[in-house]
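# Structure assessment
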Amino acid sequence: MLSYRDLLAHFWSSHNPCSRPWSRQYMSAVFYEGEAQRIAVEETAAAVAEERGRDVRTEIAPLDRFYLAEAYHQKYSLRRRARATKELEAIYPDLDAFVRSTAVTRANAIAAGDLGEDAFRELSPDLGLSSEGLQELGRGVR
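A short tour of the structure in this document, coming up. No experiment lies behind these values; they were computed from the predicted model shown.

So, about the pairing of strand β2 (residues 59-62). In terms of strand pairing, strand β1 (residues 29-32) meets β2 through four bridges, oriented parallel. Of the residues in β2, the one forming a bridge with Val 30 is Ile 60. For the crossover from β1 across helix α2 (residues 34-52) to β2, the handedness is right-handed.

In C-alpha cells, the structure reads:
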C-alpha cells in the first residue's frame, strides 16, 4: 500500500514545485485532509525547499471539494498513445467508465513511464489491448 508520504515524494519529484504558475488554472497544488496530512505536506514541502534552496510555490490547501478535470485532460499520458487510447475507449466508451477504469489508469501510468518493465509485463495481459496497442503503450516503459 502506498502511504501518503510516498505519494507526496512522487508528487514533489514529478514537477518543479518552485516555479511560478503560468495561471491559476495550471498551477500546481496539493490538498490535504486532516491534521496528519497537513503536517506531512508542510514537512515535505519544507524539505523540498531546503533541498532546492528556493521557496516552494505549489499551493497547499485543505481539500474541501473535488472537480473532475475536463475530458481532454483525463489520462493525459495515455492519450499521447492514439492506438492504445482508441482500443481502451472501445472497451470503456462512457467517459466516466473510462476515467474510473483501473485498467485505463494502469495504462496511463505505463504511458507516463511511472511503471517499470516488470509491472508492464505483469499488467499487460489484463489491459485488453491488441499486441499493437501494447507495443505502442510499452514505449513508456523504463
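Next comes the rest of the account.
Over its 19 residues, α2 extends 27 Å from the first C-alpha to the last, a length consistent with the 27 Å expected when each residue adds 1.5 Å. Tucked inside the fold, the buried residues of α2 contact α1 (4-13), β1 and β2. Backbone geometry just after α2 places Gly 53 at a positive phi near 70 degrees.

Time to look at the nonpolar core. Leu 78, Leu 88, Ile 110, Leu 127, Leu 129 and Leu 137 are the most contacted members of the largest nonpolar core, which totals 15 residues. Among the secondary structure elements, those contributing two or more residues to this core are α4 (82-91), α6 (102-112), α7 (117-123) and α8 (131-137). If one sorts the elements of this core by residue count, α6 sits on top with five residues. With eight residues, the next largest nonpolar core counts Trp 12, Tyr 32, Val 41 and Ala 45 among its residues.

A full pass over the atoms with the stated rule returns one aromatic pair. Aromatic pair Phe 11 and Trp 12: ring centres 5.1 Å apart, planes at 65 degrees, arrangement edge-to-face. When its relative accessible area of 4% is taken as the criterion, Trp 12 is described as buried.

So, about a nonpolar patch on the surface. A surface patch of nonpolar side chains, amounting to about 440 Å² of accessible area, comprises Phe 31, Leu 63, Phe 66 and Leu 68. Locating Leu 63 in the fold gives a position in the loop between β2 and α3 (76-79). Judged by relative accessible area, which is 38%, Leu 63 ranks as partly exposed.

Turning our eyes to something else, we now look at the environment of Ala 71. In this structure, Ala 71 sits in the loop between β2 and α3. For the pair formed by Ala 71 and Asp 96, sequence separation is 25 residues and the distance between their alpha carbons is 9.4 Å. Excluding its chain neighbours within four sequence positions, the residues that come into contact with Ala 71 are Arg 79 and Leu 95.

Bringing unusual backbone geometry into the picture now. Note: most peptide bonds trans; most residues except glycine with negative phi. A positive phi angle is found at Lys 75, which is not glycine, with a value near 55 degrees. With respect to the helices, strands and loops of the structure, Lys 75 is situated in the loop between β2 and α3.

As a further point, take the side chain of Thr 85. Relative to the elements of secondary structure, Thr 85 occurs in helix α4. Here the side chain of Thr 85 touches Leu 78 through a polar contact of 2.7 Å, landing on its backbone oxygen. Beyond its immediate chain neighbours, meaning those up to four positions away, Thr 85 contacts Leu 78, Arg 79 and Phe 98.

Criteria and thresholds
Residues numbered from 1 in each chain as written. Predicted model: local features only at pLDDT ≥ 70, side-chain atom pairs only at ≥ 80, totals over all residues. Heavy atoms only, no water. Pairing = 2+ DSSP bridges. Helix = DSSP H or I, 4+ residues; strand = E, 2+ residues; numbered from the N terminus. Right-handed = clockwise from strand over helix to strand, strands pointing away. Expected span 1.5 Å × (residues − 1). Contact = heavy atoms within 4.5 Å. Core = buried A, V, L, I, M, F, W, Y, C linked by side-chain atoms within 4.5 Å. Buried < 20%, exposed > 50% of the residue type's maximum accessible area, 1.4 Å probe, protein only. Phe/Tyr/Trp six-rings, centres within 6.5 Å; stacked < 30°, edge-to-face > 60°. Patch = residues over 30% accessible without salt bridge, like charges linked within 9 Å, V, L, I, M, F, W, Y side chains within 5 Å. Areas by Shrake-Rupley, 256 points an atom, 1.4 Å probe, with all protein chains shown as cover. Salt bridge = Lys/Arg side-chain N within 4 Å of Asp/Glu carboxyl O. Polar contact = N/O pair within 3.5 Å; in protein donor to acceptor, adjacent residues only side chain to side chain.

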